[in-house]
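# Results of the structural survey
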Amino acid sequence: MRSIIWEKGKLKLIDQTRLPLHVEYIECCDFHAVAEAIKNMKVRGAPAIGAAAAYGMVLGALAFEGNEKGAFRAHMNRVAEVLKQTRPTAVNLFWAVNRMLRKIEELSGREVPEIKQRLLEEAHAIYQEDLEMNRRIGQLGNQVVPPKAGILTHCNAGALATAGYGTALGVVRAAHEAGKEIHVWADETRPLLQGARLTVWELMQDNIPVTLITDSMAGYVMRQKKIDLVIVGADRIAANGDVANKIGTYGLAVLAKEHGIPFYVAAPFSTVDLALDSGNEIPIEERDCEEVRCIYGQRVVPEEVEVYNPAFDVTPHHLITAIITDRGIARPPYRETLAQLAQYDQDDNSGRKEK
Ligand SMILES: CSC[C@H]1O[C@H](OP(=O)(O)O)[C@H](O)[C@@H]1O
């Protein structure tokens with residue numbers, strides 16, 4: 001399935017808040033609609049948020065009337081700020097919007113109509129590159145998956161969270177396609193149940209064996225030796241290898257360490273933020289308390305109970321076995337190996353475009 005479709009000058013998104021019971025697309029005709037879809041998690045997942053925001057920039061550009069370049073740039077800076085204010089943790093959002101702003105600067109000598117067309121091409125490139133990166137992540141990640149493995153996942157880092165194929169689930173798909181005997185144990189992932197609603201749905205569509213567990217069962221299934229490796233996605237990776245990911249990831253990493261189970265993170269290199277020295281600097285989104293009080297809009301707790309709802313946590317690098325990226329697998333010491341992979345893109349002669 002495709003979570004993001006550009007069609008006839010509009011952006012179509014699967015409404016992920018309605019899955020799996022309803023497969024519905026929403027149509028975004030302007031950048032405000034894209035911002036609302038990101039904020040309300042109708043589209044979610046770090047790479048998917050980035051791609052959606054890039055197309056949001058295109059919608060903003062197409063709405064600009066006239067050809068005065070200074071006014072166009074001022075307008076696009078306002079569009080960028082609206083999109084950047086939607087969610088603070090996934091660096092892919094800021095990476096994608098800034099890449100679109102750089103493209104506008106690169107084209108400062110061109111006329112506005114041409115800039116608009118080139119922005120659409122750049123958004124398509126971001127989307128297509130993400131798809132290619134995920135397949136590369138899958139290929140590389142397959143190396144760490146034994147011929148027969150129980151794999152624990154958390155949240156959804158699949159096709160729905162990206163331009164397609166997935167990051168953590170990209171590794172799962174590649175192992176399955178390679179004929180390995182894998183069984184996925186999917187954490188439901190409270191409070192919004194991305195694991196129960198999205199990961200399970202994706203894997204069942206691909207006939208990949210999956211068992212749903214509650215988040216609190218993870219330690220017990222590890223103790224029962226059902227798990228051979230844990231693999232999760234990421235929303236932001238600091239220079240020292242600390243990883244921000246869906247709330248509950250840190251606890252999984254501690255449990256994996258206790259049980260001697262390898263713990264992998266899979267992400268495109270655009271998720272690495274070398275400007276941040278450690279995970280202490282990663283902004284953690286806190287979301288509406290009603291997300292914890294209700295399930296599918298049905299309140300399940302006493303009204304007005306105090307709630308704390310951080311959407312992410314930070315897993316310290318010493319709990320992470322390896323970080324699987326499209327540029328290679330980084331292992332400790334991450335500060336050095338991530339910096340080497342950053343250089344890889346400058347040296348890469350495979351014809352891939354510079355970011
Ligand atoms: C492929 S990155 C997916 C990443 O994003 C999710 O967060 P959210 O559902 O709030 O957008 C989660 O952290 C996943 O690991």
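Residue positions are counted from 1 within each chain, in the order its sequence is given. This being a predicted model, a pLDDT of at least 70 is required before a residue's local features are given, and a value of 80 or more before pairs of side-chain atoms are given or counted; all residues contribute to the totals for chains, interfaces and linings. Note that the side-chain values use all heavy atoms of the structure and ignore hydrogens as well as water.

## Re the sheet that holds strand β10 (residues 263-266)
- Any two strands are treated as partners once DSSP identifies two or more bridges connecting them. Per the convention used, a helix needs a DSSP run of H or I reaching at least four residues, while a strand needs a run of E reaching at least two, with both numbered from the N terminus. In space, the seven strands of this open sheet follow the order β6-β5-β4-β7-β10-β15-β16, with mixed pairing throughout. The two strands at the open ends of the sheet, each matched to only one other strand, are β6 (210-213) and β16 (328-330). When strand polarity is set aside, the average angle formed by the axes of neighbouring strands in this sheet is 25°.
- In what follows, a contact means two residues having at least one pair of non-hydrogen atoms within 4.5 Å. The angle between two axes is taken between their N-to-C directions and runs from 0 to 180 degrees, where each axis is a line fitted to C-alpha atoms and a helix contributes only its stretch in contact. Seen against the sheet, helix α6 (residues 168-177) touches β4 (148-153), β5 (181-187), β7 (229-232) and β10 and runs at an angle of roughly 155° to β5.

## Things to note about the packing of helix α3 (residues 69-84) against helix α4 (residues 91-106)
- Between α3 and α4, the least distance of the axes is 10 Å, while the angle of their chain directions is 175°. By the criterion of interaxial angle, the relationship of α3 to α4 is roughly antiparallel. For the pair α3 and α4, contact is made by Phe 72, Arg 73, Met 76, Asn 77, Ala 80, Leu 83 and Lys 84 and by Leu 93, Phe 94, Val 97, Asn 98, Leu 101, Ile 104 and Glu 105, respectively.
- Each residue receives one of three labels: charged for Asp, Glu, Lys and Arg, nonpolar for Ala, Val, Leu, Ile, Met, Phe, Trp, Tyr, Cys and Pro, and polar for the others, Gly being one of them. Taken together, the residues that form the contact of α3 with α4 break down as nine nonpolar, two polar and three charged. Roughly parallel means an angle under 35 degrees; roughly antiparallel means over 145; roughly perpendicular covers 65 to 115; every other angle is labelled oblique.

## So, the domain arrangement of the chain
- As annotated, the domain borders come from an automatic or database domain assignment. You can read the domains of the chain as domain 1 (4-134) and domain 2 (144-354).
- Inter-centroid distance (C-alpha atoms) of domain 1 to domain 2 is 24 Å.
- With 33 residues of domain 1 at the interface, the matching set in domain 2 holds 34 residues.
- Accessible area, probed at 1.4 Å, shrinks when two parts are joined; the buried area is that loss added up over both. Of the roughly 2,700 Å² buried at the junction of domain 1 and domain 2 (both faces included), carbon and sulfur atoms supply 56%.
- Interface area lost by domain 1 to domain 2 is led by Arg 44, Thr 89 and Asn 134, which between them contribute 23%.
- The salt bridge criterion pairs a side-chain nitrogen of Lys or Arg with a carboxyl oxygen of Asp or Glu, the two atoms within 4 Å. Counting every contact that joins domain 1 to domain 2 gives one salt bridge.
- Put simply, Arg 87 and Glu 285 hold a salt bridge, and the shortest N to O gap is 2.9 Å.
- Counting of polar contacts relies on pairs of N or O atoms within 3.5 Å, with two restrictions inside protein: one atom must be capable of donating a hydrogen and the other of accepting it, and residues adjacent in sequence are counted only when both atoms are side-chain atoms. Between the two partners, domain 1 and domain 2, sit 19 residue pairs in polar contact (both at pLDDT 80 or more).
- Of all the elements in the fold, those that place two or more residues in the side of domain 1 that touches domain 2 are α2 (46-63), α4 and α5 (112-141).
- Among the elements that take part in the side of domain 1 that touches domain 2, α5 stands out by supplying eight residues, more than any other.
- Classifying every residue of the side of domain 1 that touches domain 2 gives 18 nonpolar, seven polar and eight charged.

## Overview of the layout of surface pockets
- Approximately 490 Å³ is the volume found for the largest pocket.
- Of the grid points, spaced at 1 Å and generated over the protein atoms alone, those admitting a 1.4 Å probe that cannot get out make up cavities, while open sets with protein on both sides within 12 Å along at least five of seven lines make up pockets; any residue with an atom within 4 Å of a point is treated as lining. Lining the largest pocket are 22 residues, with Thr 17, Asn 40, Leu 192, Glu 291 and Tyr 296 positioned closest to its centre.
- Mapped by element, the contributors of at least two residues to the lining of the largest pocket are α7 (194-205), α10 (290-293) and β12 (294-295).
- In terms of residue class, the lining of the largest pocket is built from seven nonpolar, six polar and nine charged. Grid points are joined across faces, edges and corners, and a volume is the space filled by probe spheres set on the points.

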